[in-house]
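Spelled out from the first residue to the last, the chains are:
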Amino acid sequence: MIIDDDLNHLASTRDILELEGYKVHTHHLPFGATHAAGETQPDLILLDINMPGLSGEILSTLLGGNRRTFRIPVVFYSSNDEDSLRQSVIRHGVLGYICKGDVSALKRRVKMYLAGDAGGGGTSGFSNPVMQPG
């Protein structure tokens, strides 16, 4: 699942991942995203950080505190610089980050995160069909 207020990034990211064979759900606004994620139970959430009204950092905390979404791995997907993204990942306890605009990193890291390899260590299991190749 991709949660992003920028419709262009939302559509282009969805298209890139669908061409890689993933089934992708999208959500345009941070509001209602917890409910949508709870309904679709994606294997992974790509979450934009800079959204009006409710930042991705706060939304990641809400997802982590919800009984229907707390097991869904979250990856920040942002145009913020890498140093700030690393700090956000540490501060908010999400799985990792992907910088917007780097298509090869998007493909490589989504595959890596879905395989449960977050850079050497394992992650929680991925048992749902959404965003799985196929």
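The paragraphs below set out a description of the structure included in this document.

Procedures and definitions
Residues numbered from 1 in each chain as written. Predicted model: local features only at pLDDT ≥ 70, side-chain atom pairs only at ≥ 80, totals over all residues. Heavy atoms only, no water. Buried < 20%, exposed > 50% of the residue type's maximum accessible area, 1.4 Å probe, protein only. Helix = DSSP H or I, 4+ residues; strand = E, 2+ residues; numbered from the N terminus. Pairing = 2+ DSSP bridges. Axes fitted to C-alpha atoms, helices over the stretch in contact; angles between N-to-C directions. Parallel < 35°, antiparallel > 145°, perpendicular 65-115°, else oblique. Left-handed = near helix turned anticlockwise from the far one by under 90°. Contact = heavy atoms within 4.5 Å. Nonpolar A, V, L, I, M, F, W, Y, C, P; charged D, E, K, R; others polar. Expected span 1.5 Å × (residues − 1). Arc of directions from axis to C-beta. Polar contact = N/O pair within 3.5 Å; in protein donor to acceptor, adjacent residues only side chain to side chain.

1. Points about the pairing of strand E4 (residues 74-78)
Piece 1. With five of five residues buried, E4 lies mostly within the body of the structure.
Piece 2. Residues Val 74, Phe 76 and Ser 78 line one face of E4 and the alternating positions Val 75 and Tyr 77 line the opposite face, and both faces are buried.
Piece 3. Both strand E3 (residues 45-47) and E4 contribute to a ladder of three bridges, which runs parallel. Paired with Leu 46 across the two strands is Val 75, which belongs to E4.

2. Some words on the packing of helix H3 (residues 56-64) against helix H4 (residues 82-92)
Piece 1. Closest axis-to-axis distance for the H3/H4 pair is 10 Å, and the angle between their directions is 25°. On the basis of their axis angle, the class for H3 and H4 is roughly parallel. For the crossing formed where H3 meets H4, the hand is right-handed. Here Glu 57, Ser 60 and Thr 61 of H3 come into contact with H4, specifically with Ser 88, Arg 91 and His 92.
Piece 2. Class assignment for the residues of the contact of H3 with H4 results in no nonpolar, four polar and two charged.

3. Describing helix H1 (residues 7-19)
Piece 1. The terminal C-alpha atoms of H1 lie 18 Å apart, and with 13 residues this matches the ideal 18 Å at 1.5 Å per residue to within 8%.
Piece 2. Within H1 the residues assigned to the buried category are Leu 10, Thr 13, Ile 16 and Leu 17. An end-on view of H1 places all buried positions within 140° of arc, on one side of the element. Exposed side chains of H1 directed beyond 90 degrees from the buried face belong to Leu 7, Asn 8 and Leu 19.
Piece 3. Buried residues belonging to H1 abut strand E1 (2-3), strand E2 (26-27), E3, E4 and helix H5 (103-114).
Piece 4. Where H1 starts, the residue carrying a side-chain oxygen 2.9 Å from the main-chain nitrogen of Asn 8 turns out to be Asp 6.

4. Comments concerning unusual backbone geometry
Piece 1. Even without being a glycine, Gln 41 presents a positive backbone phi close to 50°.
Piece 2. Note that Gln 41 resides in the loop between helix H2 (33-40) and E3.

5. Looking at the sheet that holds E3
Piece 1. As summarised here, the arrangement of the five strands in space is E2-E1-E3-E4-E5, forming an open sheet in which the pairing is parallel. A strand with exactly one partner marks an edge of an open sheet, and here the two such strands are E2 and strand E5 (96-99).
Piece 2. Pairing of E1 with E2 involves two bridges; the strand directions are parallel. Considered in E2, the bridge of Ile 3 is made with His 27.

6. Describing the environment of Gln 41
Piece 1. By relative accessible area, Gln 41 is classed as partly exposed at 25%.
Piece 2. In sequence terms Gln 41 and Arg 68 are 27 residues apart; their C-alpha atoms lie 8.0 Å from each other.
Piece 3. Polar contacts involving the side chain of Gln 41 include one to the main-chain carbonyl oxygen of Gly 38, which spans 3.0 Å.

Purely geometric numbers; function is a separate question.
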